[in-house]
Amino acid sequence: MTTLSPTLDLNTGAKIPVVGLGTWQAGKGEVGAAVKAAIKAGYRHFDCAEIYGNEAEIGEAFKSAFDEGLVKREELFITSKVFNNHHQPERAVKAIHNTLKNLQIPYLDLSLIHWPIKFEEEQIAQPLRTPEGKLNPAITWSFDFKETWKTLEELQKQGLAKSIGVSNFTVKQLEELLADAQVVPAVNQVEFHPYLFQAELLNYCTSKGIVLTAYSPLGSTVSSEGVVPLLENEVVKDIAAEVGRSAAQVVLRWGVQKHITVIPKSSNEERLRANFAIFDFELSPEQVARLDSLPQHRFIRLVPGHFE
Ligand code: A2P
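Residues numbered from 1 in each chain as written. Predicted model: local features only at pLDDT ≥ 70, side-chain atom pairs only at ≥ 80, totals over all residues. Heavy atoms only, no water.

Caption draft 1: Representation of the pattern of salt bridges. Inspection of every chain in the model, using the stated rule, returns 15 salt bridges. Between Lys-15 and Asp-9 there is a salt bridge, with the nearest N and O atoms lying 2.7 Å from each other. A salt bridge links Glu-242 to Arg-290; the shortest N-O distance between them is 2.9 Å. On the criterion of sequence distance, the pair formed by Glu-242 in helix H8 (residues 234-243) and Arg-290 in helix H11 (residues 285-292) is long-range, its members being 48 residues apart. (Salt bridge = Lys/Arg side-chain N within 4 Å of Asp/Glu carboxyl O. Helix = DSSP H or I, 4+ residues; strand = E, 2+ residues; numbered from the N terminus.)

Caption draft 2: Representation of the UniProt feature "active site" (unreviewed entry) in the protein. The positions UniProt marks with the feature "active site" (unreviewed entry) are Tyr-52. By secondary structure assignment, the location of Tyr-52 is in the loop between strand E4 (45-47) and helix H2 (55-67). Excluding residues within four positions of it along the chain, Tyr-52 makes contact with Thr-23, Trp-24, Asp-47, Lys-81 and His-114. (UniProt positions renumbered as here; feature names shortened; annotations may be inferred. Contact = heavy atoms within 4.5 Å.)

Caption draft 3: Molecular detail of the site of the ligand. Around the ligand sit 14 residues in total, of which Lys-265, Ser-266, Ser-267, Arg-271 and Asn-275 are the nearest. Between an oxygen atom of the ligand and a side-chain N or O atom of Ser-216, the distance comes to 3.3 Å. For the ligand, the protein covers 78% of the area, taking 570 Å² as the surface of the free molecule. The class makeup of the residues in the shell around the ligand is 5 nonpolar, 7 polar and 2 charged. (Near = heavy atom within 4 Å. Polar contact = N/O pair within 3.5 Å; in protein donor to acceptor, adjacent residues only side chain to side chain. Areas by Shrake-Rupley, 256 points an atom, 1.4 Å probe, with all protein chains shown as cover. Nonpolar A, V, L, I, M, F, W, Y, C, P; charged D, E, K, R; others polar.)

Caption draft 4: Representation of the nonpolar core in the model. Ranked by internal contacts, the top residues of the largest apolar core, which has 94 residues, are Val-35, Tyr-43, Phe-46 and Phe-62. If you tally residues by element for this core, the top one is helix H1 (residues 31-41), at 7 residues. Setting aside anything within four residues of it in sequence, one finds Phe-46 in contact with Leu-21, Val-35, Ala-38, Ile-39, Phe-62, Leu-76, Phe-77, Ile-78 and Thr-79. (Core = buried A, V, L, I, M, F, W, Y, C linked by side-chain atoms within 4.5 Å. Buried < 20%, exposed > 50% of the residue type's maximum accessible area, 1.4 Å probe, protein only.)

Caption draft 5: Structural detail: the packing of aromatic side chains. By the definition in use, this model includes 9 aromatic pairs. Between the aromatic rings of Phe-62 and Phe-66, the centroid separation amounts to 6.4 Å while the plane-to-plane angle is 20°, which identifies the pairing as stacked. Highlighted residues: Phe-62 and Phe-66, both in helix H2, separated by 4 residues, approximately one helical turn. Under the relative-accessibility criterion, Phe-62 is labelled buried at 0%. (Phe/Tyr/Trp six-rings, centres within 6.5 Å; stacked < 30°, edge-to-face > 60°.)

Caption draft 6: Highlighting the packing of H1 against H2. Where H1 contacts H2, the axes come no closer than 8 Å and their chain directions differ by 35°. Handedness of the H1/H2 crossing: right-handed. Of H2, the residues touching H1 (which contributes Val-31, Gly-32, Val-35, Lys-36 and Ile-39) are Glu-57, Ile-58, Ala-61, Phe-62, Ser-64 and Ala-65. Taken together, the residues that form the contact of H1 with H2 break down as 7 nonpolar, 2 polar and 2 charged. (Axes fitted to C-alpha atoms, helices over the stretch in contact; angles between N-to-C directions. Left-handed = near helix turned anticlockwise from the far one by under 90°.)

This is the structure in structure tokens:
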């Protein structure tokens, strides 16, 4: 029998599996096979987004898994996200319908505002970044999300998304949203790993009944000068040796012991299976404390001023 991930309860009563498969940078031609392999390995939680550009291939994989009887739609927990160029209500509605069409499913388990940042459509048609990796100066934005939230509230009422939530929101932005929201977000998905242990944000989310989902839970592959990759960090490696597990499993286990969900991306069957096998060991409080006190680093930023 396939072993499944434990779940956490969302404020809608839905259950979100603690380990999900991330699909950011899961390339075309490989993501479908990864999704099928993950389903066979026991994954039931899949994290997608329209901006990743691979939802159609993921949809093919879901369809083929349903057709083969590997799993039923209602056994999966599928998330997608509305990107910054679709914050205007009519565009958000269109974007979600398009995502559902690509994923070949009638509803999402979770629909998120991808960033609390609104771009204009004409601007997103331009490259997001310059060749030097800076945000294209032709793109202007605002930290504007209230209208989009109302749209998600409406889509939830229509049953197109069972739960709704946000991503990349700070405490300040959550406070702003909650000031006049009818629905409390079920999830806030943010960068979170031992190099970015956002205790204050986690405590705030917990106090409001919002589940935190960690993206890049392995510490991100975005290179950052002068930063030793998390999986090569000496403290992580020492703890891995102590518990007889891989560095990746230690880092993911650190996350789940904080009662969050983690969505490591892998297109490699062996690694995605290993990332799922983290429920048969535990880190001691002392090991957790060592990981809690690593130097801090944020890898993923989209626009200046967001996290300051
Ligand atoms: P791969 O797909 O080749 O396994 P993210 O930060 O978006 O979650 O991405 C995780 C990155 O770490 C991916 O590049 C993935 O590459 C790699 N990865 C996933 N699982 C492991 C693992 N167990 N050990 C080392 N690297 C991993």
